[in-house]
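# Chains, contacts and geometry: an overview
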Amino acid sequence: MGLKNTIIDLMPGPLVRTFAAPYTAGKGIASGVAKADDLHSRLGIYSTVDLLAEEVFRREDVEATVQVYLRMIEALKDRPYASISLKPTSLGINESETYCQGNLRRIVEAAAAHRLHITLDMEDRHFTDVTLRMFKAIRAEFDNFGIVLQSRLFRTAEDIKALPAKRCKVRICIGIYSEPADVALQNKPDMKEKLFEYVQLLLDRGHYPEIATHDEPLVRRCIEYLDRRGVPKDAYEFQMLLGVPRTQLQQDIVKRGQIIRLYVPFAEDWKYAIHYMKRRLAANPAMALMVMKNLFGK
Ligand SMILES: Cc1cc2nc3c(=O)[nH]c(=O)nc-3n(C[C@H](O)[C@H](O)[C@H](O)COP(=O)(O)OP(=O)(O)OC[C@H]3O[C@@H](n4cnc5c(N)ncnc54)[C@H](O)[C@@H]3O)c2cc1C
């Protein structure tokens with residue numbers, strides 16, 4: 001792990017950028033908006049647009065990030081096929097929960113005025129409690145606010161049961177962060193089995209699952225289950241990352257009249273975006289292998 005991290009640290013920025021190119025819309029808010037428009041007009045695909053940002057600590061950097069999100073809301077308004085995703089570590093959680101919640105609330109309130117949905121991404125296990133607390137506090141006031149849960153964590157069934165009673169949009173994914181064996185499953189087939197189970201639990205409890213996986217058999221299994229259960233097509237959606245090659249599967253979903261939404265990150269400043277991507281690679285070195293496979297085939 002130490003050696004892998006050193007190699008990732010030493011990777012030159014331009015190489016990281018080359019790796020990231022298929023997975024990002026480009027530089028600036030306009031690139032995110034253009035990508036969302038293009039995906040929808042050409043392919044009928046929805047987007048959730050996200051700023052690629054390094055964890056920020058200084059108040060001025062947090063405020064700059066809030067301002068980017070407020071400008072994104074203005075730029076994305078009147079697009080029912082777009083939503084926005086964001087992370088607590090870019091919005092002041094390193095300073096305090098109250099400060100971060102205040103920033104999040106400003107963004108969610110501004111988005112509500114334009115009927116734009118905001119999803120609060122889930123980071124590693126150290127942030128799970130605080131992220132859920134902030135989500136619940138703001139969800140009590142605004143309907144346009146959703147959350148992410150990770151099927152690898154043992155706690156997730158209880159977290160689903162403890163969601164607010166009113167319908168919540170919940171992105172359910174296996175989770176990108178490697179977590180220790182005392183809190184999380186350690187192999188992917190088990191995480192994916194749990195993901196399938198939690199789609200059912202979310203529906204049982206009246207929530208809207210956003211099924212985020214690129215695993216084709218799992219997506220097809222979910223489709224078969226949702227059809228068999230007679231779940232209306234506007235009661236759930238599928239989500240994938242921009243750049244992961246799943247064209248046929250995505251088109252099959254669009255043709256069935258179901259929503260497929262791609263995660264569309266853009267960079268304001270490549271310097272921060274490269275730091276962020278290195279951190280993600282260090283947290284999950286297997287991702288580098290997936291990127292290589294996608295770029296150069298199996
Ligand atoms: C829209 C969206 C939002 C997400 N938000 C969060 C979040 O808030 N918190 C969180 O912890 N995790 C998040 N994730 C990541 C998620 O938890 C998984 O780590 C990721 O989706 C890979 O799991 P998988 O189910 O696709 O299965 P895997 O078996 O990991 O992947 C299946 C295949 O998909 C491709 N693939 C998957 N991921 C990548 C990648 N990053 N780059 C290139 N190719 C890839 C590979 O070809 C791989 O073989 C999100 C994922 C998506 C799609």
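Let me begin by describing the structure that accompanies this report. (Residues numbered from 1 in each chain as written. Predicted model: local features only at pLDDT ≥ 70, side-chain atom pairs only at ≥ 80, totals over all residues.)

## A few points about the nonpolar core
Core analysis: the largest hydrophobic core is formed by 66 residues, its most contacted members being Val-49, Tyr-69, Leu-76, Ile-84, Ile-107, Ile-118 and Ile-172. Not counting chain neighbours up to four residues away, the residues in contact with Val-49 comprise Gly-32, Ala-36, Met-72, Leu-76, Ala-82, Ile-84, Val-264 and Phe-266. (Core = buried A, V, L, I, M, F, W, Y, C linked by C-beta atoms within 7 Å. Buried ≥ 20, exposed ≤ 12 C-beta atoms within 10 Å, placed from the backbone. Contact = placed C-beta atoms within 7 Å.)

## A closer look at the pairing of strand β4 (residues 145–150)
Counting buried residues along β4, 6 of its 6 residues qualify, which places the element largely inside the surrounding structure. Residues Phe-145, Ile-147 and Leu-149 line one face of β4 and the alternating positions Gly-146, Val-148 and Gln-150 line the opposite face, and both faces are buried. Alignment of strand β3 (residues 117–120) against β4, held across 3 bridges, turns out to be parallel. Paired with Ile-118 across the two strands is Phe-145, which belongs to β4. Read as a crossover between parallel neighbours, the route from β3 over helix α6 (residues 128–139) to β4 is right-handed. Bridge count between β4 and strand β5 (residues 169–173): 4 bridges; the pairing is parallel. Residue pairing in the sheet places Val-148 in a bridge with Arg-171 of β5. For the segment spanning β4, helix α7 (residues 156–161) and β5, crossover handedness is right-handed. (Helix = DSSP H or I, 4+ residues; strand = E, 2+ residues; numbered from the N terminus. Pairing = 2+ DSSP bridges. Right-handed = clockwise from strand over helix to strand, strands pointing away.)

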